[in-house]
Amino acid sequence: MQSFKLASVVIGMSIASVSFAATEVEWWHAMGGANGEKVNEIAQAFNESQGAYTVKPVYKGNYTETMTSAIAAFRAKKQPAIVQVFEVGTASMMAAKGAIYPVYELMSDFGQPFKASDYLSSVTGYYSDVDGNILSMPFNSSTPVLFYNKELFAKAGISSAPTTWEQMETVSEKLLKNGVSCGFTTSWQSWIQLENFSARHDVPFATEENGFGGMNTEFAFNGPTQVAHIQKMSEWQKSGVFSYAGRRSDSAPKFYSQECAMYMGSSAGYAGMKRNTSFDFGVSQLPYWESKIEKPNNTIIGGASLWVLKGHSEEEYRGVASFLSFLSRADVQADWHQFSGYLPITHAAYGLTKGQGYYEKNLGTETGVIQMTSTTPTANSKGLRLGNFVQIRDIINESLEGVWSGQTTAQEALDSAVKRGNALLRKFEKAN
Amino acid sequence: MSVYFPHKKLPYLLLLPQLVITFIFFLWPAEQAFEQAFYQEDPFGLSRTFIGLDNFISLFSDPIYYESMLVTLVFSFSVAFLGLSIALWLAVMADRVIHGKLAYQTMLIWPYAVAPVLAGVLWWILFDPSMGPVALWLKYLGVNWDHYLNGDQAMILVVISATWKQISYNFLFFLAGLQAVPRSLIEAASIDGATPFKRFWTIVFPLLSPTTFFLLVVNLVYAFFDTFGVIDATTQGGPGVSTATMVYKVFSDGFIGLDLGGSAAQSVVLMFLVGIMTVIQFRYIERKVEY
């Protein structure tokens, strides 16, 4: 009886406290390490700026784990109000119309100012529907760039970074002659050597505007431009110009240890690069084949955006809207951009960072932004909207690994990846 | 005062907790997976269509699936064979040690406390082609170690990581088994002039067969189902699909690919295979075991 009394008091107290406290908004994210601490800092700054809402960030593991747990939570009706989903999960989120609360709708429902033109178009393009409405809030976007070892370059008598793939070859050969054991390596091969490669050379990665036009899209990355590039890379793998070292960022140690003189990776890797290298390095734009295109297109983004999930109270959504507004403030964005190395999302944040003289003090940090914004995105460089793409990237990984090890030719590998990928696209079309 | 329980109900009552646990954690999920295998569903569970055997048909018309079966067989038997033979050898050696026996035994059991994912990460660091000490040492010996490209080397890496952990467990059982072998038999044999080698293969090994059989079952089940963490931490199934075992494929299709129906169909196939494996083991192999 005693314990029953106690229990009822506790329950009573907790009910009471709920009605007094600020409305809590849960935010699931995939930012570990230093970026994770920064996320907590941002949430805390928002919580202190007003008293009505408390944003509670929860770290849920890597991108895949975060997305999967949010989906599992949704099925169990325990979903967070905000979840961070990586760019390749975009199509799956968009297709789940009954599960998401589009950001543009949310912002107008709760009277928050929200103009698409305030944001960098190459970023929002990825997260907008066919009518140009922004469905999720861009948060951390990055784009691939070329890092190069200035000291090894100087030793080999090379004065500037290669801008074209033709130069990549001659520069690498020069480096090899000067005792460097590998010219360049790449991380995220599908993202950099096929997705961004296609965008930069203005060839389709998939039909229907890379999936933006409809779910009946089919892969097209086995076109002659891509095949020629992959075939060339497989020859380079043999000669030492290129060295493959893993699917994600596993190849970075080859650059740190000065085994490879160049490394293609995410612009957001800048801070990590600074920490792990003992030599002077430079950042340059991704190369392009001069013989294939005169002026290369913009690159496309990677990274993640914030999705709002359905099933919460109006009060919570009011809090979400006000938090998203806070997030896109120029000072918050500029701070996040400078701290993490992710791209600035808004023109205002870019201008602010420029005005603060940040890019002059940190040479190379602007490369990604310039590369992203130098041209107006075309149908081939807007981004990708492809279902089941997380898994399809693994199929592409498997096929490319076959090419690097010399088991298959580029044409065979890309044809088979297209075929297997298309089967998954059809599966996605059928399920949604 | 005595309490009287009618005997008919008591056994069920005592079994109830176990039955409830079995139902909640085994039967119910199994039934769910079975049901899911016949549906095509979007990840969020907003729509669901019955598609009959489509998931199974696409599974069995996919050459990659057969490849993963082969990978699983190679992987599981390598792990079980290596794990058993190394552990048996170590146990025989440790059983002979007179001084510091406890210290040796404790050290050999230690790795079992390491979580599979951690074990995977440790080996992954040791074998990293550009920084790992073992890889550099192999390079020095003239072996070009690169498990990012070479499927066979990747398989060796996952087999080593998965086996290393299991050796401790096997060791423990073998050691206990060895200690149960009557000394008098061994002494009698040595008086008759049998060499240590002969004594081991004709007396000790046959008497150990119940332990070996038990460990074989446990190790195969371990290699089939519990090695997901090791593979995820070291190779993620690559390069190509050369280390993607069936269980890893269930994970990558279900959790990364969010194809719940296809993944469930694979689970059903796995359940079926485990059933067959168990029957074979107990009907045919166990008969040869002397208890």
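What you see is a predicted model, and the numbers here were worked out from it, not measured in a lab. For every chain, the first residue of its written sequence is number 1, and the numbers climb from 1 along that sequence. Lettering for chains starts from A, numbering for ligands starts from 1, and both go in the order in which the items are written. Where totals are concerned, whole chains, interfaces and linings use all residues; where local detail is concerned, this predicted model gives features only for residues with pLDDT of at least 70, and gives and counts side-chain atom pairs only at 80 or more.

Novice: Would you mind showing me how to read the interface of chain A and chain B here?
Specialist: By a widely used convention, the size of an interface equals the accessible area lost when the partners come together. We call two residues in contact when the distance between their C-beta atoms, placed using the backbone, is within 7 Å. Contact residues are listed per partner, giving 33 residues for chain A and 26 residues for chain B. Those elements that place two or more of their residues in the side of chain A that touches chain B are helix H3 (63-75), helix H4 (90-95), helix H12 (252-256), helix H19 (389-404) and helix H20 (410-431) of chain A. Among the elements that take part in the side of chain A that touches chain B, H19 of chain A stands out by supplying eight residues, more than any other. For this classification, the nonpolar set comprises Ala, Val, Leu, Ile, Met, Phe, Trp, Tyr, Cys and Pro, the charged set comprises Asp, Glu, Lys and Arg, and every other residue, Gly included, is treated as polar. Taken together, the residues of the side of chain A that touches chain B sort by class into 11 nonpolar, 12 polar and 10 charged. Helical segments are the DSSP runs of H or I of at least four residues, strand segments are the runs of E of at least two, and each set is numbered from the N terminus.

Novice: Explain the sheet that holds strand S8 (residues 281-284) of chain A here, please?
Specialist: Hydrogen bonding along the main chain pairs the strands of a sheet, whether they run parallel or antiparallel. All names here are of chain A. Strand order across the open sheet formed by four strands is S6-S7-S5-S8, with mixed pairing between neighbours. On the outer flanks of this sheet lie strand S6 (182-186) and S8, each paired with one strand and no other. When the angles between neighbouring strand axes are averaged without regard to direction, this sheet yields 20°. In the sheet, strand S5 (residues 144-149) pairs with strand S7 (residues 260-266) via five bridges, with the strands oriented antiparallel. Among the inter-strand pairings, Val145 is bridged to a residue of S7, identified as Gly265. Fitting a line to C-alpha atoms yields each axis, with helices limited to the stretch in contact; the angle taken between N-to-C directions then spans 0 to 180 degrees. Lying on the sheet, helix H8 (residues 165-177) is in contact with S6 and S7; it crosses S6 at an angle near 130°. Strand pairing is defined by DSSP finding a minimum of two bridges between the two strands.

Novice: Help me understand the UniProt feature "transmembrane region" (unreviewed entry) in chain B, please; the structure alone is not making it clear to me.
Specialist: All names here are of chain B. Taken from the UniProt record, the annotation "transmembrane region" (unreviewed entry) applies to residues 12-30, 69-90, 102-126, 154-178, 199-225 and 264-285. Helix makes up 100% of residues 69-90 and strand 0%, with an end-to-end C-alpha separation of 31 Å. Secondary structure content for residues 154-178 is 100% helix and 0% strand, and the end C-alpha separation is 35 Å. UniProt positions are given in the numbering used here, feature names are shortened, and annotations may be inferred rather than shown by experiment.

Novice: I'm lost on the domain arrangement of chain A in this one. Help?
Specialist: Residues and elements named next belong to chain A. Start and end points for every domain follow an automatic or database-based domain assignment. Here chain A is partitioned into domain 1 (22-142 + 302-361) and domain 2 (144-299 + 387-431). Computed from C-alpha atoms alone, the centre-to-centre distance between domain 1 and domain 2 is 29 Å. Taken together, the elements giving at least two residues each to the side of domain 1 that touches domain 2 come down to H4 and strand S9 (302-308). Examining the composition of the side of domain 1 that touches domain 2, we find that three residues originate from one element, H4, more than from any other. Its residues assigned to classes, the side of domain 1 that touches domain 2 comprises six nonpolar, nine polar and no charged.

Novice: Sorry if this is basic, but what is going on with the UniProt feature "domain: ABC transmembrane type-1" (unreviewed entry) in chain B here?
Specialist: Annotation from UniProt places "domain: ABC transmembrane type-1" (unreviewed entry) at residues 69-281 of chain B. Counted over residues 69-281 of chain B, helix gives 77% and strand 0%. Its end C-alpha atoms are 19 Å apart.

Novice: How should I be thinking about the sheet that holds strand S2 (residues 53-59) of chain A in this particular structure?
Specialist: All names here are of chain A. The five strands lie next to each other as S2-S1-S3-S9-S4, forming an open sheet whose pairing is mixed. The outermost strands of the open sheet, each flanked by one partner alone, are S2 and strand S4 (137-142). Shown here is a sheet whose adjacent strand axes are inclined to one another by a mean of 20°, direction ignored. Judged from the five bridges that link them, S4 and S9 form a sheet pairing that is antiparallel. For Pro138, the partnering residue across the bridge sits in S9 and is Ser305.

Novice: Can you help me understand the packing of helix H9 (residues 189-200) of chain A against helix H11 (residues 224-239) of chain A in this one?
Specialist: How two helices sit against one another is set out by the angle between their axes and by the gap between those axes. Residue and element names in this part refer to chain A. Running from N to C, H9 and H11 point in directions that differ by 140°, and their axes come no closer than 11 Å. On the basis of the axis angle, H9 is oblique to H11. The interaxial crossing formed by H9 with H11 has right-handed handedness. Counting all contacts with H9, which are made through Gln193, Leu194, Phe197 and Ser198, the residues of H11 involved are Gln226, His229 and Met233. In the contact of H9 with H11, the residues fall into three nonpolar, four polar and no charged. If an angle is under 35 degrees, it is roughly parallel; if it is over 145, roughly antiparallel; if it lies from 65 to 115, roughly perpendicular; otherwise it is oblique. In this scheme the crossing of two helices becomes right-handed for a clockwise turn of the near helix relative to the far one and left-handed for an anticlockwise turn of less than a right angle.

Novice: Teacher, can you tell me more about unusual backbone geometry here?
Specialist: Across the junction of Gly238 of chain B and Pro239 of chain B, the peptide omega takes the value -5°, indicating a cis bond. Its place among the elements puts Pro239 of chain B in the loop between helix H11 (228-234) and helix H12 (246-256). The phi dihedral of Lys77 of chain A falls on the positive side, at around 60°, and the residue is not glycine. Mapped onto the fold, Lys77 of chain A is located in the loop between H3 and strand S3 (82-86).

Novice: Honestly, the pairing of S6 of chain A in this entry has me stumped. Any pointers?
Specialist: Looking along a regular strand, one sees the side chains alternate between the two faces of the sheet. Residue and element names in this part refer to chain A. Within S6, five of the five residues are buried, which leaves the element mostly enclosed by the surrounding structure. With four bridges connecting them, S6 and S7 associate as parallel partners. Residue pairing for S7: Phe184 is matched across the bridge by Met262. To sort residues by exposure, count the other C-beta atoms lying within 10 Å of each residue's C-beta; 20 or more gives buried, 12 or fewer gives exposed, and values between give partly exposed, all with C-beta atoms placed from the backbone.

Novice: Help me understand the pairing of S5 of chain A in this model?
Specialist: Residues and elements named next belong to chain A. For S5, a buried count of six out of six residues is recorded, marking the element as mostly surrounded by other parts of the structure. Side chains Pro144, Leu146 and Tyr148 of S5 all project onto a buried face; the interleaved residues Val145, Phe147 and Asn149 project onto the opposite face, where all are buried too. Across four bridges, the pairing between S5 and S8 is antiparallel. Paired with Phe147 across the strands is Val283, a residue of S8.

Novice: I keep staring at the confidence of the model for chain B and nothing clicks. Help me out?
Specialist: Note: predicted coordinates in regions of low pLDDT should not be interpreted at a detailed level. Residue and element names in this part refer to chain B. Overall, the predicted model of chain B reaches an average pLDDT of 87, with 96% of residues at or above 70. By mean pLDDT, helix H4 (residues 101-109) is the weakest element of chain B at 84, and helix H3 (residues 63-96) is the strongest at 93. Confidence estimates for the predicted assembly give a pTM of 0.83 and an ipTM of 0.75. Confidence of the predictor at the level of single residues is captured by pLDDT, which takes values from 0 to 100.

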